[in-house]
Amino acid sequence: MSELILDSIREFVKRHVEPLAVKIDKEDWYPRELVRKMGEMGFLAPMSEGLSLLDTALILKEIAKVSGSVALIQDTQGELVTEPLRVYGGDKYTVEMLSKGELIGGFALSEPQGGSDVTSINTRAEKVNGKWMINGKKMWTTQGLYADVYLVAAKTGENGLKSITTFLVRKGECVKVNKIEVMGNRGTGTAEVEFNNCEADNIVGEVNKGWEVVKYALLVGRVAISAIALGLAEGALEEALEWAKSRELFGTKLVEKQGIQWYLAESVAQITSLNTLLKSVAKTEDVFKDEGKIAVLKYLSTRIATEIVDKAVQIMGGMGYAKGTKSERAYRDVRLGRIGEGTDEVQLGIIFKMVNKEGLRYFTEWGVKRV
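We now turn to the structure provided with this report. (Residues numbered from 1 in each chain as written. Predicted model: local features only at pLDDT ≥ 70, side-chain atom pairs only at ≥ 80, totals over all residues. Heavy atoms only, no water.)

### Some remarks on the pattern of salt bridges
All told, the structure shown has 29 salt bridges when counted by the stated rule. Here Glu62 and Arg10 are joined by a salt bridge, their closest N and O atoms 3.5 Å apart. Separated by 52 residues along the polypeptide, Glu62 in helix H4 (residues 53-64) and Arg10 in helix H1 (residues 3-17) bring together distant segments of the chain. According to the relative accessible area criterion, Arg10 is partly exposed, its value standing at 38%. (Salt bridge = Lys/Arg side-chain N within 4 Å of Asp/Glu carboxyl O. Helix = DSSP H or I, 4+ residues; strand = E, 2+ residues; numbered from the N terminus. Buried < 20%, exposed > 50% of the residue type's maximum accessible area, 1.4 Å probe, protein only.)

Here you go:
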């Protein structure tokens, strides 16, 4: 990413995102106009604007430093909805409207009876008079309350993952939404979405090959949510450092206490290594080929970021536990990283699968060029 783009996103975050961060969280308020502004600037769906996955990750990290909610909105809109539509054949007009923030999108995958178990989905699509009709219920749909269109995974047969098809469904009277109250990432419109005999706008990808579309969205999304976790950790740590420099305790500044210095130093070391890992993985030219490495990134970054935010709260003490601080907000927001877009356990399963299939060299010789 050029320094010009990085400076531009930092300025945008400072002027437009940071002033709204507390309001979004406190009032559970969806920032519709901010989404449009992000679209106008090219930050809402960067890959649709010609930027790379690495560029997208760096943009997300900057946003997450001040608002996990806005970063999650961008992730959902850009990486989970717009990007798979762009790659797998959504109409160009819809992709453009989503990337500009004129339409809001929801990624409708998880269901009440099986979050991580995609094979157990009950939502079905059946052809009636030449039209695909969708029936079923989805859970945990970010932006579900406000979405104009949904990327929906539905069964079109009985052969497990080989019988999943993805559809674009527009919101109408056939769509019923119910708000879900969540611990963090407030203002993102998390909802249960029910489709009652909804006509699909079009198929995304091919019939019975929807798992490839879903998997692509999740792999790109896992890089994105890793960047969000890192941004939350960096934002909380910056706040804790400033607090430690200003807080006086027993006649000295808090930052002069060795235990606090160790908290800060350990966190900096962890963030440095995770940033290197993020940049390495996000440079991938084929997310399917690098599925195992993406799993390592997501597993480590979300777990360690959670630990760093916890240390930031500890450094700040009562202030870190108080509403209105970045650290308190990040403490609630960062926890989603270990659940969304594939739990810790799912990532460990992928890592072991790759070890079993490719051997340890797949990981231990990561980045080593053979002569």
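### Quick word on the state of the cysteines
As used here, a disulfide is simply a covalent bond connecting the sulfur atoms of two cysteines. Evaluation of the coordinates by the stated rule reveals one disulfide. The disulfide partner of Cys174 is Cys198, and the gap between their sulfur atoms is 2.2 Å. Residues Cys174 and Cys198 share a disulfide whose torsion about the S-S bond is about 120°; that sign makes it right-handed. One end of the pair, Cys174, is in the loop between strand S5 (164-170) and strand S6 (175-179); the other, Cys198, is in strand S7 (residues 191-199), and 24 residues separate them in sequence. Of the residues examined, Cys174 reaches a relative accessible area of 21% and is grouped as partly exposed. The buried category is assigned to Cys198, whose relative accessible area is 0%. (Disulfide = S-S within 2.5 Å.)

### Observations regarding the nonpolar core
If you look at the biggest cluster of nonpolar residues, it comprises 83 residues, and the most contacted ones within it are Ile9, Ile63, Leu85, Phe107 and Val223. Per element, the largest residue contribution to this core is 19 residues, and it comes from helix H7 (residues 210-246). Leave out the neighbours within four places in its chain, and Phe107 touches Leu80, Val81, Thr141, Leu151, Val214, Ala217 and Leu218. Ala147, Phe167, Val169 and Ala191 belong to the second largest nonpolar core, which has 16 residues in total. (Core = buried A, V, L, I, M, F, W, Y, C linked by side-chain atoms within 4.5 Å. Contact = heavy atoms within 4.5 Å.)

Interpretation in functional terms is not warranted from these geometric data alone.
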